[in-house]
Amino acid sequence: MAQGSEHSSPNIILIMADDLGYETLGINGSDDYQTPNLDKLAKEGMNFTQTYSMPLCTPSRVQIMTGKYNFRNYIGFGLLKPGELTFADYLKKSGYKTFIAGKWQLYGNSKQHELAGGKIGTEPTDAGFDEYFLWQIKQLGSRYKDPLISSNSGTQTYEGKFGPDLFTEQINLFMENNKNEPFFIYYPMVITHDPFVPTPSNPGFADFDAKSKTNDPIYFTEMVKYMDKLIGSIVDKTNELGIRENTLILFVGDNGTDRKVTSSQLGESIKGDKGHTTSAGTHVPFIANWKGIIEPGSKNESLIDFTDFLPTLLEVAHFKNPELVPTDGLSFYPQLVGDNANRREWIYCYYAPNWGQFENSTYVQDTELKLYGDGRIYSLLEDPLEQNPLGKNDLSEKDKLKISTFESVLEGYEKAN
């Protein structure tokens, strides 16, 4: 793309749903959920089928924002290491106005500070964002009805309102106010994370008590539908403002679906496995839409890792000297414009969440095989729940070579830890 072209500084909107696995979108074969707006984005853009996150929210968020594997900069659950440069920092240096709305959860509370040995996290203005409208910076409160939200002008409770509505409204307002200059919007959504509660599309919403302890997976279906509706609103706004063709829209899930939710995909039952390292905990939906640039109806089966987003955004924004930016990622920008020459052969994961009862692990995988740091090998095609580890003697000669490569990758990163 030429430096002086209309798209030399395209707007970028990165939307990340909370606890939404690959199996939940209609375009990916969901039998249970209605996602017409996301399905349309995929059909008019590129649908990635092999994108993998970290198993849990903070590890994913730190990784996608900094482009680094967790052993380099993950200091504790709910914390972003102070001083870490994020994609917002880099895009700001490239002349972008930067805005974040939705879920922060990267400064930490007293318990998280204690678990991290007294370390604290980062506030949004110290992570490259000019403006913010966020749930859970230094206070918790509700994320859904009667939300407690912090912005540049302070913190307040919005009685009777629905948090996801307010975040989306502020994003649309930010676009209106900045439509004539390049902007970067990061929307880490609060939905579809539990508590599972009624949305405004539910007749019972008006009388629903936000202080109740309601957390019923029966509401998950309408929450997915409502999430999709909000994304449709953002897309509609880009059309209304006449900026759709100069706006790259990316949608991804931050980790697998909640373990309380079981879904049907192409007739097969998929139980969410958030927090665990199986495919049901890490395989997430990813859609890229850029009208006039990405070939409509594109299906991309390349491996995508969360470290890949930062170098991609740098390339999209024509960041000067991107080779000087430390990252473990590989830009997938060329794939967006039809060049598939440089693609990943494997994904590495360093998972030490320091939260809950989740176990630490390292592994390398592609779409067929997975090798853990403790030597376990699984066939992802035949054993997605990872219940029957394979011995090397069970493998074909081709797969033995692949595992040998994976072993070298693990050894290399272990030396770097």
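Below is a summary of the structure that appears in this document. All of these numbers come straight from a predicted model, not from anything done at the bench. (Residues numbered from 1 in each chain as written. Predicted model: local features only at pLDDT ≥ 70, side-chain atom pairs only at ≥ 80, totals over all residues. Heavy atoms only, no water.)

**With respect to the side chain of D194**
Convention followed: Secondary structure elements are taken from DSSP: a helix is a run of H or I of four residues or more, a strand is a run of E of two residues or more, and numbering for both begins at the N terminus. Burial classes follow relative accessibility: with a 1.4 Å probe on protein chains only, a residue under 20% of its type's maximum area counts as buried, one over 50% as exposed, and anything between as partly exposed. N or O atoms within 3.5 Å of each other form a polar contact, as long as, within protein, one can give a hydrogen and the other can take it, and as long as residues adjacent in sequence are counted only when both atoms are side-chain atoms. By definition, residues are in contact when any of their heavy atoms lie within 4.5 Å.
Assignment of secondary structure puts D194 in the loop between strand 7 (183–188) and helix 7 (220–240). Taking relative accessible area as the criterion, D194 reaches 16% and is therefore assigned buried. Polar contacts involving the side chain of D194 include one to the side chain of N215, which spans 3.1 Å. Setting aside chain neighbours within four positions, we find D194 in contact with R143, N215, D258 and K260.

**Describing empty space enclosed by the protein**
Here is the rule we go by: Of the grid points, spaced at 1 Å and generated over the protein atoms alone, those admitting a 1.4 Å probe that cannot get out make up cavities, while open sets with protein on both sides within 12 Å along at least five of seven lines make up pockets; any residue with an atom within 4 Å of a point is treated as lining. Grid points are joined across faces, edges and corners, and a volume is the space filled by probe spheres set on the points.
Per the counting criterion, the structure on display carries 3 cavities of 30 Å³ or more. If you go around the largest cavity, the residues you meet are S302, L303, I304, D308, L330, S331, F332, Q335, R343 and R344. At 3 residues, the largest contribution of residues to the lining of the largest cavity is made by strand 12 (residues 298–305).

**Considering the sheet that holds strand 15 (residues 369–372)**
Convention followed: A strand pair is defined by DSSP finding two or more bridges across the two strands. Between the N-to-C directions of two axes lies an angle of 0 to 180 degrees, each axis being a line fitted to C-alpha atoms and, for a helix, fitted only over the stretch in contact.
The 4 strands are arranged 13-14-15-16 in an open sheet whose pairing can be described as antiparallel. Here the strands that pair on one side only, and so sit at the sheet edges, are strand 13 (347–351) and strand 16 (377–379). In this sheet, adjacent strand axes meet at a mean angle of 20° when their direction is disregarded. Examined bridge by bridge, strand 15 and strand 16 share 3 bridges and lie antiparallel to one another. Counterpart to L369 in the pairing with strand 16 is S379. Packing against the sheet, helix 11 (residues 397–416) makes contact with strand 13, strand 14 (361–365), strand 15 and strand 16, and its axis sits at approximately 40° to strand 15.

**Concerning the packing of aromatic side chains**
Going by this rule: Between the rings of Phe, Tyr and Trp (Trp by its six-membered ring), a pair exists once the centres lie within 6.5 Å; its type follows the angle of the planes, with under 30 degrees stacked, over 60 edge-to-face, and the other angles tilted. Only when the NZ of Lys or the CZ of Arg is both within 6 Å of the ring centre and within 35 degrees of the ring normal is a charge said to sit over the ring.
Evaluated as defined, the whole model comprises 30 aromatic pairs. Geometrically, the ring pair formed by Y69 and Y413 is edge-to-face, given 5.3 Å between the ring centres and 85° between the ring planes. On the criterion of sequence distance, the pair formed by Y69 in the loop between helix 2 (57–66) and helix 3 (70–73) and Y413 in helix 11 is long-range, its members being 344 residues apart. Taken individually, Y69 and Y413 each receive the classification buried, so the pair is uniform in this respect. Following the ring pairs from residue to residue traces out a cluster consisting of Y69, F71, W346, Y348, Y350 and Y413. Just above the ring of F205 sits the side chain of K145; from NZ or CZ to the centre is 5.0 Å. Its guanidinium or amino end placed over the ring of Y372, R376 lies 4.1 Å from that ring's centre, counting from NZ or CZ.

**Thoughts on the environment of Y372**
Positionally, Y372 belongs in strand 15. Beyond its immediate chain neighbours, meaning those up to four positions away, Y372 contacts T277, S361, T362, Y363, Y378, E386 and L410.

**Remarks on unusual backbone geometry**
Phi is mostly negative for residues that are not glycine, and the peptide bonds are mostly trans. Note that the residue after I191, namely T192, is joined by a cis bond; omega there is 25°. Position of T192 relative to the elements: it lies in the loop between strand 7 and helix 7. Although it is not a glycine, Q136 sits at a positive phi angle of roughly 65°. Summarising the element assignment, Q136 is placed in the loop between strand 4 (131–135) and strand 5 (148–151).

**Topic: the layout of surface pockets**
Applied cut-off: Three residue categories are used. Nonpolar comprises Ala, Val, Leu, Ile, Met, Phe, Trp, Tyr, Cys and Pro, charged comprises Asp, Glu, Lys and Arg, and polar comprises the others, including Gly.
Taken as a whole, the largest pocket holds about 730 Å³ of empty space. Around the largest pocket, the lining comprises 22 residues; the ones closest to its centre are Q265, S279, H283, L380 and P384. Of all the secondary-structure elements, those providing two or more residues to the lining of the largest pocket are strand 2 (46–52), strand 10 (268–271) and helix 8 (279–282). In terms of residue count, strand 10 provides more of the lining of the largest pocket than any other element does, 4 residues in total. A breakdown of the residues in the lining of the largest pocket according to their chemical character gives 9 nonpolar, 8 polar and 5 charged. Of the pockets and cavities examined, the second largest pocket occupies roughly 560 Å³. If you trace the second largest pocket, you find 29 residues lining it, with W135, L140, R143, D194 and P195 closest to the centre.

**A few points about the nonpolar core**
A general tendency of soluble globular proteins is for nonpolar side chains to be buried together. Where we set the bar: The criterion is simple. A nonpolar core is a set of buried Ala, Val, Leu, Ile, Met, Phe, Trp, Tyr and Cys residues joined through side-chain atoms within 4.5 Å.
In terms of nonpolar packing, the biggest core is built from 57 residues, with I64, F87, W104, F129, F184, Y186 and F309 touching the most fellow members. In this view, I64 contacts L14, M16, F87, Y186, V252, F306, F309 and L310; residues no more than four positions away in its chain are not counted.

**Here's the deal with the sheet that holds strand 6 (residues 154–157)**
Read across the open sheet, the 10 strands follow the order 6-5-4-3-7-1-8-11-2-12; overall the sheet is mixed. On the outer flanks of this sheet lie strand 6 and strand 12, each paired with one strand and no other. If you compare each strand with its neighbour and ignore which way they point, the axes differ by 15° on average. As paired elements, strand 1 (residues 11–17) and strand 8 (residues 247–253) share 7 bridges and run parallel to each other. Bridged to L14 within strand 8 is L250. Helix 2 rests against strand 1, strand 3 (97–103), strand 7, strand 8 and strand 12 of the sheet, and its axis sits at about 170° to strand 7. Together, strand 1, strand 7 and strand 8 form the strand contacts of helix 7, whose direction differs from that of strand 1 by roughly 175°.

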